[in-house]
Amino acid sequence: SAKILRLKLYLIKGNMEEAKGLFLELLKEHPMYISFIFVSLEEKVRIDEKINTSYMDRLAVLREYFLSIKDLELWKTPSVMLSKIRLLKSNKREREAYDILREWLESANAENDVLRIEYIKLLIELGVQD
């Protein structure tokens, strides 16, 4: 939690390079907690509204950074993939989430019930009947 607080501080101060580095370090150390990391970061800053707005803008940049990471080992982790899919859905990018998840589920080692449920939800949202 100390690293998450430091990450939050970097975002408040606008130090995006440090924020990205620490975020990647956290992600590689604890990939199963990525959802918790995002939930913790999404809590409003209790300083003032102007700082909170800047913070949320920087958090959006960090989310996009997360989505742009090309480390295949990370994406093999179900919790990381689930966070990616949910983040894409929250950004109204359901089709992209569907394509990524379909490909992930079709891979050789993709047995995960939570991701299969998320896939079914995406199929319903997109109106894919077959």
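Now for a quick tour of the structure. (Residues numbered from 1 in each chain as written. Predicted model: local features only at pLDDT ≥ 70, side-chain atom pairs only at ≥ 80, totals over all residues. Heavy atoms only, no water.)

**Some remarks on the environment of Asn-91**
Phase 1 of the analysis: Counting through the fold element by element, Asn-91 comes out in the loop between α6 (78–90) and α7 (94–106).
Phase 2 of the analysis: Exposure remark for Asn-91: the relative accessible area of 32% places this residue in the partly exposed category.
Phase 3 of the analysis: Considered as a pair, Asn-91 and Arg-58 are 33 residues apart in the sequence and their alpha carbons are 15 Å apart.
Phase 4 of the analysis: When residues no more than four places from it in sequence are discounted, the contact partners of Asn-91 are Glu-64 and Leu-67. (Helix = DSSP H or I, 4+ residues; strand = E, 2+ residues; numbered from the N terminus. Buried < 20%, exposed > 50% of the residue type's maximum accessible area, 1.4 Å probe, protein only. Contact = heavy atoms within 4.5 Å.)

**Considerations on the packing of aromatic side chains**
Phase 1 of the analysis: Enumeration according to the criterion identifies six aromatic pairs in this entry.
Phase 2 of the analysis: With a centroid separation of 5.9 Å and an interplanar angle of 90°, the aromatic rings of Phe-23 and Phe-66 are classed as edge-to-face. Remark: Phe-66 occurs in helix α4 (residues 49–68) and Phe-23 occurs in helix α2 (residues 16–29); sequence separation between them is 43 residues.
Phase 3 of the analysis: Assessed through its relative accessible area of 0%, Phe-23 is described here as buried.
Phase 4 of the analysis: Where Phe-66 meets Trp-75, the ring centres are 5.2 Å apart and the plane angle is 55°; that geometry is what we call tilted.
Phase 5 of the analysis: Residue classification places Phe-66 among the buried positions, given a relative accessible area of 0%.
Phase 6 of the analysis: In this structure Trp-75 comes out as buried when scored by relative accessible area, which is 8%.
Phase 7 of the analysis: Put simply, the rings of Phe-23, Phe-38, Tyr-65, Phe-66 and Trp-75 touch in pairs and so form one group of aromatic residues.
Phase 8 of the analysis: For Lys-84, the ring lying beneath its charged end belongs to Trp-75, and the centroid distance is 4.1 Å. (Phe/Tyr/Trp six-rings, centres within 6.5 Å; stacked < 30°, edge-to-face > 60°. Lys NZ or Arg CZ within 6 Å of the ring centre and 35° of its normal.)

**Some thoughts on unusual backbone geometry**
Phase 1 of the analysis: Positive phi outside glycine occurs at Lys-92, with the angle close to 60°.
Phase 2 of the analysis: On the secondary structure map, Lys-92 appears in the loop between α6 and α7.
Phase 3 of the analysis: Judged by relative accessible area, Lys-92 falls into the exposed class, the value being 66%.

**A few points about the side chain of Lys-84**
Phase 1 of the analysis: By secondary structure assignment, the location of Lys-84 is in helix α6.
Phase 2 of the analysis: The side chain of Lys-84 is buried and forms no salt bridge, while Glu-96, the nearest opposite charge, is found at 6.1 Å. (Lys, Arg positive; Asp, Glu negative; His and termini not counted. Salt bridge = Lys/Arg side-chain N within 4 Å of Asp/Glu carboxyl O.)

**Description of α7**
Note that an α-helix has 3.6 residues per turn; residues three or four places apart therefore point the same way.
Phase 1 of the analysis: The terminal C-alpha atoms of α7 lie 18 Å apart, and with 13 residues this matches the ideal 18 Å at 1.5 Å per residue to within 8%.
Phase 2 of the analysis: Turning to α7, its buried residues number three or more, namely Glu-94, Ala-97, Tyr-98, Leu-101, Trp-104 and Leu-105. Along α7, the residues classed as buried sweep out an arc of 135° about the axis, all on the same side. α7 presents Glu-103 and Glu-106 as exposed residues on the side facing more than 90 degrees away from its buried surface.
Phase 3 of the analysis: Packed against the buried residues of α7 are α5 (72–75), α6 and α8 (113–126). (Expected span 1.5 Å × (residues − 1). Arc of directions from axis to C-beta.)

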